[in-house]
Amino acid sequence: MNEQIKQAILDKIESYDTIIISRHIRPDGDAVGSTKGLATVLRDTYPAKRIYVVDEDFSDYLSFLGGEDTVEEAVYPTALQIIIDTGTENRISNSNYKKAKEIIKIDHHIDIKPYGDLVWVEDFRSSACEMIADFCLGFKDRLKISAEAATYIYLGMVTDSGRFRFEGVTGETLRLAGALLDYGIDYETLFAHLYIEDFSTLKLRSFVFDNIKITKNGVAYIYISEQIQKDFGLTLEAASNVIGDLSTIRGSLIWVAFIYNTTKKEIRVRLRSRFLGINDLAIKYHGGGHNMAAGATVYSEDEMYRLIADADELLGAYKSAHGDKI
Ligand code: AMP
């Protein structure tokens, strides 16, 4: 059935002269890779079409991939808008998207609030880039895939799957990634961009390790308050990255980073887990995402502690039923 949707998407792409591609706010490697990857393929394949990537947000750590396009509002009414990797409309990083003639949604998040005229959602996929790889390679006789396009798409597959280790990675994921490698990706440079860190980031990490808290049942969490952000001179993005430092503690099957957002005066929550799902917990706290990687928002420290207590109860129940896990 999805073969028909993919064919319908290609038909739509071929029928439009102007295509605008957008992604979610706070873009990650998958959001940037999927949009830039598809845009590059379409530009190379259809040089006469106008293909734009519009994103009103920016992530510093992906700046090596370059910036995006600006599109006049007047262009939208005759354009096709493709939105990738964005589960809900409130996360679309393009305030004009609704002005487009038609909207296509391509996504791998759990579909809580559907939108779009043509929808291709496969929430079992490890990344949206995996879907873009499947799409482009599936039509490789008609679409031109350059080394540059393959690199964007591969980047999203690598980052969103935790270097091919998260739930959702299948033989098909690796077959698609392997096929992309054959297009000549410079992975040494790519991985250098992904791994090299400033020394100040390592100093922050050392602070994080000293200040992680662990609940009775093993939930690991840290609160990066406004003061900590000031002390370390952190951007919101750098502060949010601490979630990665909580991920390998034995017995802590749920880990959570709370980051105070000084502009919005609310606390961003990043939730992660192994073996058990935390998506329902994220939904309870105004968020959502995937089974084992989700986001939420809390509006006070009290609410933060309620979320921690709920997470602790969830983990306690899981451990009672399944015994201690790694
Ligand atoms: P993050 O911690 O922001 O990387 O989010 C993890 C996953 O949950 C990503 O796939 C996000 O797209 C999704 N997500 C994050 N925040 C929200 C939210 N408030 N509502 C729905 N999904 C979210």
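Computed from a predicted model, the values in this text were never measured in an experiment.

## A short note on the environment of Val242
Move 1: Within the secondary structure, Val242 sits in the loop between helix 9 (236–240) and strand 8 (254–261).
Move 2: For Val242 and Val208, which are 34 residues apart along the polypeptide, the C-alpha to C-alpha distance reads 7.3 Å.

## Some details on the nonpolar core
Grouped burial of nonpolar side chains is what soluble globular proteins tend to show.
Move 1: Ranked by size, the top nonpolar core spans 49 residues in total, and within it Ile82 and Phe135 carry the most contacts.
Move 2: Counting 25 residues, the second-largest nonpolar core is a separate cluster that includes Val256, Ile267, Leu276 and Leu315.

## So, the site of the ligand
Move 1: Inspection of the region around the ligand gives 13 residues, with Arg91, His109, Arg268, Arg270 and Arg272 positioned closest.
Move 2: One of the side-chain N or O atoms of Arg268 is found 2.7 Å from an oxygen atom in the ligand.
Move 3: For the ligand, an oxygen atom lies 2.8 Å from a polar atom in the side chain of Arg270.
Move 4: Look at the ligand: alone it shows 480 Å² of surface, and the protein chains cover 84% of it.
Move 5: Counting residues per element, the ones that place at least two in the shell around the ligand are strand 9 (266–273), strand 10 (288–289) and strand 11 (293–298).
Move 6: Residue composition of the shell around the ligand, by class: two nonpolar, seven polar and four charged.

## Some details on the domain arrangement of the protein
Move 1: Examined at the domain level, the protein breaks down into domain 1 (2–194) and domain 2 (202–322).
Move 2: Centre-to-centre separation of domain 1 and domain 2, based on C-alpha positions: 28 Å.
Move 3: Counting residues at the interface gives nine residues for domain 1, matched by seven residues for domain 2.
Move 4: Buried surface at the junction of domain 1 and domain 2, summed over both partners, amounts to about 820 Å²; 50% is from carbon and sulfur atoms.
Move 5: Of all residues in domain 1, Arg26, Ile110 and Glu167 bury the most surface against domain 2, accounting for 52% of the area lost on that side.
Move 6: Seen at the junction of domain 1 and domain 2, the total is zero salt bridges.
Move 7: Counting across the interface, domain 1 meets domain 2 through three residue pairs in polar contact (both at pLDDT 80 or more).

## A few points about the pattern of salt bridges
Move 1: A full pass over the atoms with the stated rule returns 17 salt bridges.
Move 2: Here Arg43 and Asp69 are joined by a salt bridge, their closest N and O atoms 3.1 Å apart. On the criterion of sequence distance, the pair formed by Arg43 in helix 2 (residues 29–45) and Asp69 in the loop between strand 2 (50–53) and strand 3 (80–84) is long-range, its members being 26 residues apart.
Move 3: In this structure Arg43 comes out as partly exposed when scored by relative accessible area, which is 33%.
Move 4: Classification of Asp69 as partly exposed rests on a relative accessible area of 28%.
Move 5: A salt bridge links Asp111 to Lys105, with the shortest nitrogen-to-oxygen separation between them at 2.7 Å.
Move 6: In this structure Lys105 comes out as buried when scored by relative accessible area, which is 0%.
Move 7: One salt-bridge network, held together by shared partners, links Glu3, Lys6, Glu122, Arg125, Glu130 and Asp134.

## Digging into the packing of helix 4 (residues 147–160) against helix 5 (residues 171–181)
When two helices pack together, their arrangement is given by the angle between the helix axes and by the axis-to-axis distance.
Move 1: Helix 5 packs onto helix 4 with a crossing angle of 150° between their chain directions and a minimal axis gap of 9 Å. In terms of orientation, helix 4 lies roughly antiparallel with respect to helix 5. The hand of the helix 4/helix 5 crossing is left-handed. Between helix 4, through Ala150, Ile153, Tyr154 and Met157, and helix 5, the contact on the second element is made entirely by Thr173, Leu176, Ala177, Leu180 and Leu181.
Move 2: Partitioned by chemical class, the residues of the contact of helix 4 with helix 5 number eight nonpolar, one polar and no charged.

Thresholds, definitions, all that
- Residues numbered from 1 in each chain as written.
- Predicted model: local features only at pLDDT ≥ 70, side-chain atom pairs only at ≥ 80, totals over all residues.
- Heavy atoms only, no water.
- Helix = DSSP H or I, 4+ residues; strand = E, 2+ residues; numbered from the N terminus.
- Core = buried A, V, L, I, M, F, W, Y, C linked by side-chain atoms within 4.5 Å.
- Buried < 20%, exposed > 50% of the residue type's maximum accessible area, 1.4 Å probe, protein only.
- Near = heavy atom within 4 Å.
- Polar contact = N/O pair within 3.5 Å; in protein donor to acceptor, adjacent residues only side chain to side chain.
- Areas by Shrake-Rupley, 256 points an atom, 1.4 Å probe, with all protein chains shown as cover.
- Nonpolar A, V, L, I, M, F, W, Y, C, P; charged D, E, K, R; others polar.
- Domains from an automatic or database assignment.
- Contact = heavy atoms within 4.5 Å.
- Buried area = accessible area lost by both parts, 1.4 Å probe.
- Salt bridge = Lys/Arg side-chain N within 4 Å of Asp/Glu carboxyl O.
- Axes fitted to C-alpha atoms, helices over the stretch in contact; angles between N-to-C directions.
- Parallel < 35°, antiparallel > 145°, perpendicular 65-115°, else oblique.
- Left-handed = near helix turned anticlockwise from the far one by under 90°.

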